[in-house]
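Chain by chain, the residues run as shown.
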Amino acid sequence: MRLHYHVTGSVATFSVVFAYVHLFIDVASCSDVLRHGNPIENYTMREIRTDFKNEKMSNNLSLNDKCAMALECRFDCARDKAVSQTECEDRGCCYAPLSDVAGPPWCYFPHLYPGYVMGPLTPSERGQAATLTRVKSSYLPKEISTLQMEVMEENAQCLHLTVKDPSSQRYEVQLPGQQSAPQGKAGPHTALYMIQFQHNPFGFTVFRKSNNRVIMNTTVAPLLFADQYLQLSTTLASSFVSGLGEHYTSLSLDLNWTSVTLWNQDTKPRADANLYGSHPFYIVQEEDGFAHGVFLLNSNAIEVILQPTPALTWVALGGILDLYVFLGPDPESVIRQYLQVIGYPMMPPYWALGFHLCRWGYTTSNTTRQVAQRMHDANFPMDVQWNDLDYAHDRRIFTFDPWRFGDLPEMVQDFHERGLKYVLILDPGISTTSPPGSYPPYDDGLKRDVFIKNATGNLLIGKVWPGPTAFPDFTSSETRQWWEDCIKDFLSKVPVDGLWIDMNEPSSFVRGSVDGCPDTDLENPPYTPPVVGGQLNSKTLCMSAQQLLSTHYNLHNMYGLTEAYATHKALINIQRKRPFVLSRSSYPGTGRFSGVWTGDVTSNWDQLKYSIPTILMFGLYGVPLVGADVCGFEGNTTEELCVRWMQLGAFYPFMRNHNDRQNRPQEPYVFGKKSQAAMRSALNLRYSLLPYLYTLFHHAHTSAETVARPLFVEFSHDPNCWAIDRQFLWGSALLMSPVLEQGVVEFPAYLPFGTWYSLQDGQPFYSKGQYLLLSAPLDTINVHIREGYIIPQQEPALTTSASRTNPFFLTVALSAGGWARGDLFWDDGESLDTFEKNSYSYIIFIAGQAQIVSDPVRLNGDLDGLVLGGVRVFGLPSPPHYVLANGEKVRDFTYRSDTKALIVNKLALPMSKVFTVQWAL
């Protein structure tokens, strides 16, 4: 039986298949249909019993019938705790122990485990709604027996489904600075999906309309909904799943009975640990280049259990089920649809893309000055000098040490005069032990009631670097104003250019508070997912702590996001230009306000390698400005490791060398001459490419495109690219293949189908979609430009303020047909909303028919005085007889017959005017 509901009027029209069904899944259907995501033609309606008179049939199945299923089809019935056979069977579940403790569950749900019963769909304010009623209680304490489900078609590509408790207000995430998620509704019959509901027990299946592929199937295990335990399982359309960060793993997740915990914590990157950020979003690569994504908008602690069915199970410890399904149909579209919900990333200032240098251990302003001077003297490009907490008086933020950093304001001004920027650290913990009246941030904060309280309404005191500390509640507008006032007062003394917000998970050196935490269900929920320290309040605040919007139990994962929002907004109001904020903690939406670095990575080859998938996944999460601490933060680097890390780091979207105080120095100038030359070469290459990188950030900001890009996003039809995370792209055009192991000087790298030119010399590689052996001596990182693209570059200098005045040059990678295209976004590099205010220049470059032509789509004066100084054309089949620039013959050009590359120098064509470079073969 199929009932099609069509809702008219102000509510969008969409097709819902609503079937009162029982779905019987045997071993074959699980291993074949669910694993491979076969079309619905193979997942036949004959397997769905629709005779209401047979509703008793499930009760008449024998225990053996109910429990007979393949191992990979088992869904855990005892995730909340270990149970005996008797306890398992008392839950109405199947018990079948195995020799492999870490594999399939021993206690698992039978077919047709009693669950919620779905009532009829009726029109709602935003779509269609139905009541879910549980007749028979499950095993969970404080179970909610009646739920309200609402289904909304946000647009043709996005399905939105919520499940809530209609009788009690539970915490629902509202992303800061955002009123509502996606606008616009789909018209009749335009949706890319179809959703089918199972009545009893409740579940739903989402199909891709174009091929009837099963995207989600939640009927395979029951929905559970209790006060502190929400569980929803679904099959997956393939085993190629990425996301669910922040974690230390490959780009493609391991589905062999593993789990990831999303709970922000100050834990240095390592396997099997919850790290600094939580992003409950995943993307699945289907067959034929299709992809889809799923986002659970929930800020509570979440565990995601992965199994080889393939399938996953969400377990959230509070809130509601607020689920978005993005139909793509390709990976790039999935990411754009996700960012339409959480917000597009901010546009960074141009200088933020330069090289940054920091160390915890620059103990005086003199030391800091000397580091910047030595970088300059050694001819290393650098834009930003940083200080860690060394600068602060008694480690209290918004102060600077009068003895060791007494001339901090003068030092910053000196940096500015040299074209350098300056950033310092700003932890959220506010010292509480200064004499009254001596530390305004705390005194004023107390008066304005900005700090988080404990369960009894008194100030919650934790412990961080300055000792006992209070923690601002950034969900309060008064706190955000107080924060802005503190920053404004500090910047009036020390004109820093950006702020580094660290320790904002929030981190604390005591569990909960210096006074402990009350013994409540918030501190000790019925189930705690695997977290470092064993409890949710490990290394952070009490879960019962009170914030304006809710308890910290509900808001913890959003703390860094709310601080980033407050800091971003404060800097805009104070500086009236594009802010730079770097955060350690993150949550969906963080990319709108700040960049992220990957925390306290260790100086070893393993962490070098795993930095790539981490960087790429943050791009999927809408945080394109991301990087790992180059050469590592903890431990002592080696010279070879640091060279290779500088080469890789030159292609992190955000590049900073940052080192811990007890370790050996790792500034580029401390190494041998050959290593310095290799590092300098990598930095100069980065600086030459900044116009291209900046243009990529423009497209990220305006169109939600990725900057550092996994190969599967660009080559979704190539299965060889689906799991590659040792190589990556900048945009569509540049492919990076770094060395990631000690002693390696040549290695195989995958080149997708087409012609790829070495960016260094134009050497062409004609790939059929294959691995090629690349040479990689210590002074080399392999970078290839893809046929059909034009890269705008600029002569590098020691700072971006200097390089931005240098001549541009174009690198043109001709396709087999002799065509290529590229673009350049250019503005003043720091003003607010230049794109939104049409205060920018934008040029398209087109190569074809033996010429390169510029097309200035928009000009605003920022390119005035800047010239095109040269052109490199790769893939020219024979040497040209002559070259013309704007119709005039060019004398200074060369042609390399070995690489088929044309190099034209000493041009002076105004970038703000149309120009043409031609050649005759």
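Conventions we followed
- Residues numbered from 1 in each chain as written.
- Predicted model: local features only at pLDDT ≥ 70, side-chain atom pairs only at ≥ 80, totals over all residues.
- Heavy atoms only, no water.
- Pairing = 2+ DSSP bridges.
- Helix = DSSP H or I, 4+ residues; strand = E, 2+ residues; numbered from the N terminus.
- Phe/Tyr/Trp six-rings, centres within 6.5 Å; stacked < 30°, edge-to-face > 60°.
- Buried < 20%, exposed > 50% of the residue type's maximum accessible area, 1.4 Å probe, protein only.
- Lys NZ or Arg CZ within 6 Å of the ring centre and 35° of its normal.
- Expected span 1.5 Å × (residues − 1).
- Bend = angle between axes of the 7 residues up to and from the residue.
- Polar contact = N/O pair within 3.5 Å; in protein donor to acceptor, adjacent residues only side chain to side chain.
- Salt bridge = Lys/Arg side-chain N within 4 Å of Asp/Glu carboxyl O.
- Disulfide = S-S within 2.5 Å.
- Contact = heavy atoms within 4.5 Å.
- pLDDT = per-residue confidence, 0-100.
- Axes fitted to C-alpha atoms, helices over the stretch in contact; angles between N-to-C directions.
- Parallel < 35°, antiparallel > 145°, perpendicular 65-115°, else oblique.
- Core = buried A, V, L, I, M, F, W, Y, C linked by side-chain atoms within 4.5 Å.
- Left-handed = near helix turned anticlockwise from the far one by under 90°.

1. What about the sheet that holds strand β43 (residues 782-786)?
Logical step 1: With antiparallel pairing, the six strands of this open sheet are ordered in space as β36-β37-β38-β43-β40-β41. Strands with a single pairing partner mark the edges of an open sheet, and in this sheet they are β36 (708-709) and β41 (764-767).
Logical step 2: Two strands pair when backbone bridges link them, and β36 and strand β37 (residues 728-730) are joined in this way by two bridges, in the antiparallel orientation. Across the sheet, residue R709 finds its bridge partner in β37, namely L729.

2. With respect to the packing of aromatic side chains
Logical step 1: Applying the stated criterion across every chain, the model contains 44 aromatic pairs.
Logical step 2: Their ring planes at 45° and their centres at 6.3 Å tell us that F202 and F204 sit as a pair that is tilted. A single burial state applies to F202 and to F204, both of which are buried.
Logical step 3: Relative to Y840, the ring of F835 lies with its centre 5.5 Å away and its plane at 35°, an arrangement referred to as tilted.
Logical step 4: Taken together, Y391, F398, Y442, F451, F474, W482, W483, F490 and Y559 form an aromatic cluster joined through their ring pairs.
Logical step 5: Geometry around W360 places R661 over its ring, the cationic atom sitting 3.8 Å from the centre.
Logical step 6: One Lys or Arg, R680, reaches over the ring of F380 and ends 4.6 Å from the middle of that ring.

3. Side note on helix α12 (residues 605-620)
Logical step 1: For α12, built from 16 residues, the straight-helix expectation of 22 Å at 1.5 Å per residue is met to within 8% by its first-to-last C-alpha distance of 24 Å.
Logical step 2: The largest bend in α12 comes to about 25°, at S611, with the proline P613 one to four residues further on.
Logical step 3: With 13 of 16 residues buried, α12 is to be regarded as a mostly interior element.
Logical step 4: Of the residues that open α12, the one with a side-chain oxygen 3.2 Å from the backbone nitrogen of D606 is N604.

4. Comments concerning unusual backbone geometry
Logical step 1: Following N200, the chain continues into P201 via a peptide bond in cis, with omega recorded as -5°.
Logical step 2: Within the fold, P201 resides in the loop between β12 (193-198) and β13 (203-208).
Logical step 3: Residues other than glycine seldom take positive phi values, yet L112 does so here, at roughly 60°.
Logical step 4: Mapped onto the fold, L112 is located in the loop between β6 (107-108) and β7 (116-118).
Logical step 5: One non-glycine residue, W257, lies in positive phi territory at about 60°.
Logical step 6: Topologically, W257 is positioned in the loop between β17 (241-243) and β18 (258-262).

5. Brief notes about the pattern of salt bridges
Logical step 1: Counted according to the given criterion, the structure contains 34 salt bridges.
Logical step 2: A salt bridge links R79 to E303; the nearest nitrogen and oxygen atoms lie 2.4 Å apart. Note that R79 is positioned in the loop between α3 (63-67) and α4 (85-90) and E303 in strand β21 (residues 302-307), a separation of 224 residues in sequence.
Logical step 3: Residue E303 is classed as buried on the basis of its relative accessible area, which comes to 0%.
Logical step 4: With a closest N to O distance of 2.9 Å, D629 and R656 form a salt bridge.

6. Quick notes on the state of the cysteines
Logical step 1: Enumeration over the complete set of coordinates arrives at five disulfides.
Logical step 2: Residue pairing for C67: its cysteine sulfur links by disulfide to C94, the two sulfurs lying 2.0 Å apart. Judged by the sign of its S-S torsion, about -85°, the cystine formed by C67 and C94 is left-handed. Placement of C67 in helix α3 and of C94 in strand β5 (residues 94-95) is noted, with a sequence separation of 27 residues between them.
Logical step 3: The buried category is assigned to C94, whose relative accessible area is 2%.
Logical step 4: Between the sulfur atoms of C77 and its disulfide partner C93 the distance amounts to 2.0 Å. Taking the torsion about the S-S bond as the criterion, the C77 to C93 disulfide, at about 65°, is right-handed. In this pair, C77 is assigned in the loop between α3 and α4 and C93 in the loop between α4 and β5, connecting sequence segments 16 residues apart.
Logical step 5: Looking at the unpaired C358, the closest cysteine sulfur is the one in C631, lying at 13 Å.

7. Some words on the side chain of T479
Logical step 1: Residue position: T479 is located in helix α9 (residues 477-493).
Logical step 2: Ignoring anything within four residues of it in the chain, the contact list for T479 reads V450, P472, D473 and F474.

8. Describing the confidence of the model for the protein
Logical step 1: Here the protein shows a mean pLDDT of 92. Residues at 70 or above account for 92%.
Logical step 2: Under a pLDDT of 50 for its full length, residues 1-29 has, in the predicted model, 100 contacts with residues more than four places off or in other chains.
Logical step 3: Counting interchain partners and residues more than four positions distant, the pLDDT-below-50 stretch residues 31-58 has 66 contacts.

9. What about the packing of α12 against helix α13 (residues 639-649)?
Logical step 1: Here α12 crosses α13 at 5°, and the two axes come no closer than 11 Å. One element, α12, and the other, α13, form an angle in the roughly parallel class. Here α12 contributes W605, Q607, L608, S611 and I612 to the contact with α13, which in turn contributes E640, L641, R644, W645 and L648.

10. Considering the side chain of E153
Logical step 1: Tracing the backbone through its elements, the reader meets E153 in strand β10 (residues 146-155).
Logical step 2: A polar contact of 3.1 Å, which involves the side chain of E153, links it to the side chain of Y193.

11. Focus: the nonpolar core
Logical step 1: Among the nonpolar cores identified, the biggest contains 192 residues, and W730, L734, V812 and M911 are the most heavily contacted of them.
Logical step 2: In terms of residue count, α12 provides more of this core than any other element does, eight residues in total.
Logical step 3: Non-local contacts of M911, meaning those with residues more than four positions away in its chain, are made with F808, L824, I843, F845, L863, L866, V867 and L868.
Logical step 4: Grouped together as the second largest cluster of nonpolar side chains are 47 residues, V163, L236, V260 and L323 included.

12. Some points on the pairing of strand β11 (residues 158-164)
Logical step 1: Counting buried positions along β11 yields six of seven residues, so the element is predominantly enclosed.
Logical step 2: Relative to β11, β10 runs antiparallel, the two being bridged by seven bridges. Note that in β11 the partner of V151 across the bridge is L161.
Logical step 3: Following β10, the chain reverses through two residues before pairing antiparallel with β11.
Logical step 4: Relative to strand β23 (residues 321-326), β11 runs antiparallel, the two sharing six bridges.

13. Some thoughts on the packing of helix α8 (residues 440-448) against α9
Logical step 1: Closest axis-to-axis distance for the α8/α9 pair is 11 Å, and the angle between their directions is 160°. For the element pair α8 / α9, the angle class is roughly antiparallel. The handedness of the crossing between α8 and α9 comes out as right-handed. Within the contact between the two elements, α8 uses P441, D444, G445 and R448 and α9 uses E478, Q481, W482, D485 and C486.

14. Thoughts on the environment of I335
Logical step 1: Positionally, I335 belongs in helix α5 (residues 331-342).
Logical step 2: Owing to a relative accessible area of 1%, I335 belongs among the buried residues under this scheme.
Logical step 3: Considered as a pair, I335 and L693 are 358 residues apart in the sequence and their alpha carbons are 19 Å apart.

15. Structural notes on helix α11 (residues 559-575)
Residues spaced three or four apart along an α-helix face the same direction, because each turn holds 3.6 residues.
Logical step 1: Taking 1.5 Å as the rise per residue, α11 with 17 residues should run 24 Å; its terminal C-alpha atoms sit 24 Å apart, in good agreement.
Logical step 2: Backbone geometry just after α11 places R576 at a positive phi near 55°.

16. A look at the sheet that holds strand β27 (residues 430-431)
Logical step 1: Strand order in the open sheet made by the three strands is β27-β29-β28, with antiparallel pairing throughout. Sheet topology places β27 and β28 (462-464) at the edges, where each strand pairs with a single neighbour.
Logical step 2: Bridge count for β27 against strand β29 (residues 467-470) is two bridges, and the pairing is antiparallel. If you follow I430 over to β29, its bridge partner there is A470.

17. Looking at the environment of Y669
Logical step 1: Inspection of the secondary structure assignment puts Y669 in the loop between β35 (655-659) and α14 (673-688).
Logical step 2: Residue Y669 is classed as buried on the basis of its relative accessible area of 10%.
Logical step 3: For the pair formed by Y669 and L161, sequence separation is 508 residues and the distance between their alpha carbons is 55 Å.
Logical step 4: Leaving out residues up to four positions away in the same chain, Y669 has contacts with V371, R374, M375, A378, F380 and Q676.

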